[in-house]
Amino acid sequence: MTRSLAVRLALLAPPLAFFALFFAYPVAAIVGRGLRADGAWRFGAAGEVLTDPDLAGVLWFTCWQAAASTALTLALALPGAYVFARLDFPGKRLLHAVVAVPFVLPTVVVGAAFLALLGRGGLLDELWGVRLDNTVWAILLAHVFFNYAVVVRTVGGLWAQLDPRQEEAARVLGAGRFAAWRRVTLPALAPALAAAGLLVFLFTFTSFGVVQILGGPRYATLEVEIYRQTAQLLDLPTAAVLTLLQFAAVAALLVVHGRLVRRREGTLALRDPATTAHRPTGRAQWALLGGVLTVIGALLVLPLAVLVERSLSTPDGYGLTHYRALTGTESGTLAVAPWEAVGTSLRYAAVATVIALLVGGLAAVALTRRGRGPLRGVDALLMLPLGTSAVTVGFGFLIALDEPPLDLRSSWLLVPLAQALVGAPFVVRALLPVLRAVDDRLRQAAAVLGASPWRAWREVDLPLARRALLVAAGFAFAVSLGEFGATVFIARADSPTLPVAVARLLGRPGELNYGQAMALSTVLMLVCAVTLLALERLRPARSTEML
Amino acid sequence: MDRVVEAVPDGRSAGAPAAALLSLDGVTVRYPGHTALHGVALDVAEHETVCVLGPSGSGKSTLLRAVAGLTDVASGTVRIAGGDQAGVPTHRRGVGLMFQDHQLFPQRDVGGNVAFGLRMRRVPRPEVQRRVAELLDLVGLPGAQRRRVDSLSGGEQQRVALARALAPRPAVLMLDEPLGQLDRHLRERLVVELRELFRELGTTVLAVTHDQGEAFALADRVVVMREGRIAQVGSPVEVWRRPADDFVAGFLGFRNLTDATVARGVADTPWGELPVPAATRDGRHRLLVRPSGVRLTAAEGAPRATVRARTFRGDHVLLHLAPERGPALEAACALGEAPAEGDTVGLAFDPSEVVVLPIASDW
């Protein structure tokens, strides 16, 4: 074993220990609890669950809604990717940031916003008597809202760097405008397109908060079903089988995604994006720009605007009544004033961010050299928590971490730990491409000038990765702030986080609860949006990856 | 350029052979799938400038990396000032390396780049600033400390890279294609400046290049490499006058190469009979005829050739000839006397411009 491999393994030890202890162990514990009875494995239960017709329904719905969401997102966001990649227009930078806001918004807020738009007493209901909640359309539209940025960033980021002269070469050789796009640009974009599509499929396949709030009793994804079986029916064997099923599906998706990403780091002639965009010319380009702005307005901005409007709307006209109510406990829904959830959330998210940076940062440094040896595939492994049922993780925490020496059940640290689990993969994804892009000869230049390996890392890698590090921190913070699936299990009743408080308020009837939920969601949205807009200024210009 | 940064140590008496400062013995480097260096032996004396010349893939960059400790040596020893470098990590070897494309640190300004090696050696800050200013003067960029490196032209980057490499006073300064990416005009100027600078500083230099003009202008001694082995070592004049073999001659750009049988001072070649230098033994040989050794003549009975093309080379014209017998020939010809394309000329050969090479051996 070479010395550098030893160093990398040592660096990787803490992240691996973290994931083993706070991910693998709890998940294994809950699966084991479900599949073992009286000291014996009962795999027969799996067969029973898998042949249950109700489950077949859930599985079918999970798959087709994910496929439909992906198709719809791609169809609506591809023109957007083109517009952001190739056209210049006033306010482009701001709009680029605005488009990304939904992605970091907590699912609960998204659910609440769409409820305010499409639900009972929502905007469309008031205007035309149209209600889409409890229909699959609400779910699909919310998924588009969520993932629009994934496509625009992943595909558009690459598109902006493709050399337009390639298409021009095809035109000169006799290809029409569309033929040139189809034969030259589309094949170059294909891997990014596939990667983005797969990512959207992954996110919608494991969708929880959106479906939970908008799906009503009729629609349930696998993840929602796991929550129902675990939290409401206390049917652990069924939940365990479902968890394993989802785990397998997600692992397969991640393997395919990893392949696509590796292929994408390939051999395209890329250019500085600033040089490829131009002002719209001709009727078609103006129409496209108009269409994209309309879609963004209707699908991305409107729900958020309605959310804010509802939070301000009271029986006596507009006012801050709901916001004021956040400071009291009159409604009795929560044990504490909802306003306190803001402080709690910020505190937890800050701690989670520190943990995620440590864990994800060490992992990224250890994996900087593209692994051919034993470390190959570890980075894909670190993505697993993103796709694993958060509900399972949360519940797993409760059962697995309740005995000495690891009795964290009553510790507040439990929530940040769970949130860091979701944040760390984002940190790895943000740092790894930047660290890998650092020319190894820069490190060698430092070594020749007398810098030890550690000093060379500090002097060369760290300054170059500083912006990515800040971006990673921001993403981890926003994601931690919005984490719902796991937190809902482990947050203590006297210290709910923002998403948990919103969900509780939404779950209770009454005008005041609804208004407060909207007000609290607005606060959460603002915190996330401010974080993201601050990051937009820092984001490395060449990054093409959402994740 | 009159500020001498490092006084030349005067421990070396003129004319006496200096002890090797850098010494490679049987150095072999293996990469997965191929061997980049095959038991290379090379000594570089103190204050000497040695240029390693060779086509790409000949192992010349690997040679530098082996000396710097950036690549593992499978067998053989690298000694610097007598000390075996096996197991010594790069940052403790005290060598300097100027990378092919400079590899300036993008996040640091010019001053930060030049100061880097001094900071690594914990040189006190005022001393660092003084040295940085001195070096920037030396390379012709006075006062450039605060400039961003991405605002520099190629030639300026090259100067900063040189200042950065010189700053810690390395025992051996290594240059990897030092002028590779610069335009020709700048290269010709910088090569002279570098030569003057190294002489002035007494720096020991091991440089690598694929450009023979650069190597001959810069070096006290030239090392020609082929497929991981040293093909020839010698002064620029020696190598140019007497290429050691077919490969070196071909690499230096000579095209008039042929097999020949020599008997009593005359060689039988595909072009006809050629006079050879008087001392040549009878038997089979490989011959190189320099373009300047191919003379045009109007004499009766001389072998004839057609002028296929003419290339202007500044002070002469290079003629590409298609002889009636034998393969293509190149001939150097004074500007005023060059025949036109398509003309037929008679050929004569000058024995002093014919070089006898060993029979081509397979490597």
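Residues numbered from 1 in each chain as written. Chains lettered and ligands numbered in written order. Predicted model: local features only at pLDDT ≥ 70, side-chain atom pairs only at ≥ 80, totals over all residues. Heavy atoms only, no water.

Report on the overall build of chain B, specifying residues and quantitative values.
When helices and strands are counted, chain B shows eight helices and 20 strands. Across its three principal axes, chain B shows a C-alpha extent of roughly 80 × 45 × 45 Å. Counting over 363 residues, chain B shows a buried share of 49%. Within chain B, residue pairs in contact and separated by at least 24 positions form 66% of the contacts whose partners lie at least 6 positions apart. Entry remark: accessible area of chain B is about 16,800 Å², with carbon and sulfur atoms responsible for 49%. Seen as two clouds, the 43 positive and the 44 negative side-chain charges of chain B have centres 6 Å apart. (Helix = DSSP H or I, 4+ residues; strand = E, 2+ residues; numbered from the N terminus. Buried < 20%, exposed > 50% of the residue type's maximum accessible area, 1.4 Å probe, protein only. Contact = heavy atoms within 4.5 Å. Areas by Shrake-Rupley, 256 points an atom, 1.4 Å probe, with all protein chains shown as cover. Lys, Arg positive; Asp, Glu negative; His and termini not counted. Charge placed at Lys NZ, Arg CZ, Asp CG, Glu CD.)

Which residues make up the packing of aromatic side chains, and what values go with them?
Inspection of the entire model under this criterion finds 15 aromatic pairs over all chains. With centroids separated by 5.3 Å and ring planes inclined at 55 degrees, the aromatic side chains of Phe 18 of chain A and Phe 22 of chain A adopt a geometry described as tilted. Placement of the pair is Phe 18 of chain A and Phe 22 of chain A together in helix α1 (residues 3–35), with a separation of four residues, close to one helical turn. Assigned by exposure class, Phe 18 of chain A and Phe 22 of chain A land together as buried. Cluster of aromatic residues (ring-pair linked, three or more members): Phe 18, Phe 19, Phe 22 and Phe 397 of chain A. The ring of Phe 105 of chain B has Arg 108 of chain B sitting right over it, with the charged end atom 6.0 Å from the ring centre. Positioned above the aromatic ring of Phe 105 of chain B, the side-chain terminus of Arg 164 of chain B is 4.7 Å from the ring centre. (Phe/Tyr/Trp six-rings, centres within 6.5 Å; stacked < 30°, edge-to-face > 60°. Lys NZ or Arg CZ within 6 Å of the ring centre and 35° of its normal.)

Let's hear about the interface of chain A and chain B: which residues, and what values?
The interface is formed by 18 residues belonging to chain A together with 24 residues belonging to chain B. Together, the buried faces of chain A and chain B total about 1,800 Å²; carbon and sulfur atoms form 62% of this surface. Glu 459 of chain A is the partner of Arg 119 of chain B in a salt bridge, and the nearest nitrogen-oxygen pair spans 2.7 Å. Put simply, chain A and chain B have seven residue pairs in polar contact (both at pLDDT 80 or more) between them. If you list the elements that add at least two residues to the side of chain A that touches chain B, you get α20 (440–448) and α21 (453–482) of chain A. The biggest single contributor to the side of chain A that touches chain B is α20 of chain A, with seven residues. When grouped by side-chain class, the residues that make up the side of chain A that touches chain B number eleven nonpolar, three polar and four charged. (Buried area = accessible area lost by both parts, 1.4 Å probe. Salt bridge = Lys/Arg side-chain N within 4 Å of Asp/Glu carboxyl O. Polar contact = N/O pair within 3.5 Å; in protein donor to acceptor, adjacent residues only side chain to side chain. Nonpolar A, V, L, I, M, F, W, Y, C, P; charged D, E, K, R; others polar.)

Tell me about the side chain of Gln 229 of chain A, residues and numbers included.
Residue and element names in this part refer to chain A. Among the structural elements, Gln 229 can be located in helix α11 (residues 222–232). For Gln 229, a relative accessible area of 9% corresponds to the buried category. Here Gln 229 is in contact with Leu 234, Asp 235, Thr 238, Ala 239 and Leu 242, once residues within four sequence places are set aside.

So what's going on with the packing of α20 of chain A against α21 of chain A? Residues and values would help.
Residues and elements named next belong to chain A. At a minimum axis separation of 9 Å, α20 and α21 run at an interaxial angle of 145 degrees. For the pair α20 and α21, the crossing hand works out as right-handed. Residues Leu 442, Arg 443 and Ala 446 of α20 touch α21, and the partners they reach there are Ala 456, Val 460, Asp 461 and Leu 464. (Axes fitted to C-alpha atoms, helices over the stretch in contact; angles between N-to-C directions. Left-handed = near helix turned anticlockwise from the far one by under 90°.)

With reference to specific residues and values, describe the nonpolar core.
Across soluble globular proteins, nonpolar side chains have a tendency to be buried as a group. Of all hydrophobic cores here, the largest spans 167 residues; its most connected members are Phe 18, Leu 105 and Phe 397 of chain A. If you tally residues by element for this core, the top one is helix α7 (residues 136–161) of chain A, at 18 residues. Contact partners of Leu 105 of chain A, with chain neighbours within four places excluded, come to Val 110, Phe 145, Phe 146, Leu 304, Met 525 and Cys 528 of chain A. Core analysis: the next-biggest nonpolar cluster, separate from the first, contains 56 residues, Cys 51, Val 128, Val 160 and Leu 162 of chain B among them. (Core = buried A, V, L, I, M, F, W, Y, C linked by side-chain atoms within 4.5 Å.)

For the domain arrangement of chain B, give the residues involved together with the corresponding values.
A common measure of how large an interface is: the accessible area buried when the components associate. Residue and element names in this part refer to chain B. Taken domain by domain, chain B holds domain 1 (20–94 + 170–250) and domain 2 (255–357). Summarising the inter-unit geometry, the C-alpha centres of domain 1 and domain 2 are found 34 Å apart. Contact with domain 1, which involves nine residues of that partner, is made by ten residues of domain 2. The partner of Arg 286 in a salt bridge is Asp 246, and the shortest N-O contact between them spans 2.7 Å. On the surface where domain 1 and domain 2 come into contact, there are three residue pairs in polar contact (both at pLDDT 80 or more). Among the elements of the structure, α7 (236–241) and α8 (246–251) are those that each provide at least two residues to the side of domain 1 that touches domain 2. With three residues, the single largest contributor to the side of domain 1 that touches domain 2 is α8. Broken down by class, the residue content of the side of domain 1 that touches domain 2 amounts to four nonpolar, one polar and four charged. (Domains from an automatic or database assignment.)

Go over a nonpolar patch on the surface with me, naming the residues and quoting the values.
Taken together, the side chains of Leu 127, Trp 128 and Val 130 of chain A define a hydrophobic patch exposed on the protein surface, amounting to about 340 Å² of accessible area. With respect to the helices, strands and loops of the structure, Trp 128 of chain A is situated in helix α6 (residues 123–128). (Patch = residues over 30% accessible without salt bridge, like charges linked within 9 Å, V, L, I, M, F, W, Y side chains within 5 Å.)

With reference to specific residues and values, describe the sheet that holds strand β20 (residues 354–357) of chain B.
Residues and elements named next belong to chain B. Spatially, β13-β12-β11-β14-β20 is the arrangement adopted by the five strands of the open sheet, whose pairing is antiparallel. The open sheet has two free edges, formed respectively by β13 (272–275) and β20, since each of these has just one partner strand. Adjacent strand axes in the sheet meet at a mean angle of 40 degrees when their direction is disregarded. Where strand β12 (residues 266–269) meets β13, four bridges bridge the pair, whose relative direction is antiparallel. (Pairing = 2+ DSSP bridges.)

Tell me what's going on with the environment of Trp 457 of chain A, and back it up with residues and numbers.
Residues and elements named next belong to chain A. Position of Trp 457 among the secondary structure elements: in helix α21. Trp 457 gets classed as partly exposed once you look at its relative accessible area, which sits at 26%. Considering only alpha carbons, one finds Trp 457 and Val 365, 92 residues apart in sequence, at a separation of 9.4 Å. Not counting residues up to four positions away in its chain, the partners in contact with Trp 457 are Val 365 and Leu 462.

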